[in-house]
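Structural characterization, general
Take a look at the letters that make up each chain.
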Amino acid sequence: MLKRAFLISTLFISTQSALADNLDRAIEIVEEKCHLCHGTDGESSSAIYPRLAAQHEEYIAKQLADFQAGRRTGTMNEMAQDLTPDEMVALGKYFAAKPPLSHRVRDEEFAAVGQYLYMNGNKYSGVTACKTCHGDEGKGTQKLPRLAGQHKRYLADQLTEFHNRNRTNDNAVMHSIASKLTEMEIQALATYISGMK
């Protein structure tokens, strides 16, 4: 019994040590690279870069792997090139633990159009409600991104990328939805979602 308890305790300590090492490595990578565009706490320096604070750790690791493998293309291809799978997971955990922020919505009437689309979709054009996959509060899942509080411009850009089929990963479902959105609907959704907490 004592031997078993000792083994469990040793395993726990080595696991904790590995997690601490991975977190230290994640902090190094953030300070070397990530902070330039995404900020130290995952709050981007520009609206063209996504906010990573409170994003799901598995989603972040998957996107990094997709950038590294070329399944998703963009600035991040070069940044992700030298990351190991463990570093991708560590970065996911690091940013997932950061507190999220949201934007103040200035045009509440326009945001209400986005809210309606988010919650109900558009039965006339066949647009599915965003909440179906991303949840009522926009918090997503481990496989689907958290949208709540994301930069308005980044959201609009990604919806447009999906609409035009320029986004090179995760495209099948999102293209079928975004291809039915008008420019006004894209902007309304981006306005509403950016203000979600």
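Residues numbered from 1 in each chain as written. Predicted model: local features only at pLDDT ≥ 70, side-chain atom pairs only at ≥ 80, totals over all residues. Heavy atoms only, no water.

Some details on the pattern of salt bridges
Threshold: Any Lys or Arg side-chain nitrogen found within 4 Å of a carboxyl oxygen on Asp or Glu counts as a salt bridge.
Enumeration according to the criterion identifies twelve salt bridges in this entry. Here the salt bridges do not stand alone but share partners, grouping K62, D66, R71, R167 and D170 into one network.

Side note on the packing of helix α2 (residues 57-69) against helix α4 (residues 85-96)
Each pair of packed helices can be described by the angle between their axes along with the distance between the axes. Heads up, the rule is: Axes here mean lines fitted to C-alpha atoms, for a helix over just the part in contact, with angles spanning 0 to 180 degrees between N-to-C directions. Put simply, DSSP H or I for four residues or longer makes a helix, DSSP E for two residues or longer makes a strand, and each gets a number counted from the N terminus. Angles are sorted into four bins: roughly parallel if under 35 degrees, roughly antiparallel if over 145, roughly perpendicular if 65 to 115, and oblique for all others. Whether a crossing is left-handed or right-handed is set by the direction in which the near helix is turned from the far one by less than a right angle, anticlockwise for left-handed and clockwise for right-handed. Two residues qualify as a contact provided that any one of their heavy atoms is within 4.5 Å of a heavy atom in the partner residue.
For the pair α2 and α4, the least separation of the axes is 7 Å and the interaxial angle reads 140°. The orientation of α2 with respect to α4, classified from their angle, is oblique. As α2 packs across α4, the resulting crossing turns out to be right-handed. Counting all contacts with α2, which are made through E57, I60, A61, L64, A65 and Q68, the residues of α4 involved are M88, V89, L91, G92, K93, F95 and A96.

Topic: helix α7 (residues 152-163)
Put simply, the test is: Expected span, for any helix, means 1.5 Å times one less than how many residues it has. When accessible area is computed with a 1.4 Å probe and restricted to protein chains, residues below 20% of their type maximum are described as buried, those above 50% as exposed, and intermediate ones as partly exposed.
In this model α7 runs 16 Å from its N-terminal to its C-terminal C-alpha over twelve residues, within 8% of the 16 Å that 1.5 Å per residue would give. Buried residues of α7: Y154, L155, A156, Q158, L159 and F162, and no others. The inward-facing, buried residues of α7 abut α8 (171-178) and α9 (183-194).

Topic: the packing of aromatic side chains
Here is the rule: Stacked, tilted and edge-to-face are the three classes applied to pairs of Phe, Tyr and Trp rings, where Trp contributes its six-membered ring and a pair requires centres within 6.5 Å; stacked means planes under 30 degrees apart, edge-to-face means over 60, and tilted covers the rest.
In the structure shown here, the tally under the stated rule is two aromatic pairs. Aromatic pair Y94 and F95: ring centres 5.0 Å apart, planes at 85°, arrangement edge-to-face. Considered together, Y94 and F95 belong to a single accessibility category, that of buried residues. With a centroid separation of 5.8 Å and an interplanar angle of 55°, the aromatic rings of Y118 and Y192 are classed as tilted. On the criterion of sequence distance, the pair formed by Y118 in helix α5 (residues 108-120) and Y192 in helix α9 is long-range, its members being 74 residues apart. Since its relative accessible area comes to 14%, Y192 is described here as buried.

Thoughts on the confidence of the model for the protein
Where we set the bar: Each residue carries a pLDDT value, the predictor's own confidence for that position, ranging from 0 to 100.
Predicted confidence across the protein gives a mean pLDDT of 91, with 89% of residues reaching 70 or more. Note on residues 9-15: pLDDT under 50 across the span, and zero contacts to partners over four residues away in sequence or across chains.

Focus: α5
One full turn of an α-helix is made of 3.6 residues, so residues set three or four places apart face in the same direction. Put simply, the test is: What the arc covers is the set of directions going from the helix axis to the C-beta atoms.
Under the 1.5 Å per step criterion, the end-to-end length of α5 is 18 Å for 13 residues, consistent within 8% with the ideal 18 Å. Taken together, the buried positions of α5 are occupied by A111, G114, L117 and Y118. Looking down the long axis of α5, one finds its buried residues gathered within 115° of arc, a one-sided arrangement. In this structure, α5 carries E108, E109 and Y116 as exposed residues pointing more than 90 degrees from its buried face. Tucked into the core, α5 has its buried residues touching α6 (131-134) and α9. With its phi angle positive at about 75°, G121 sits one or two positions after the end of α5.

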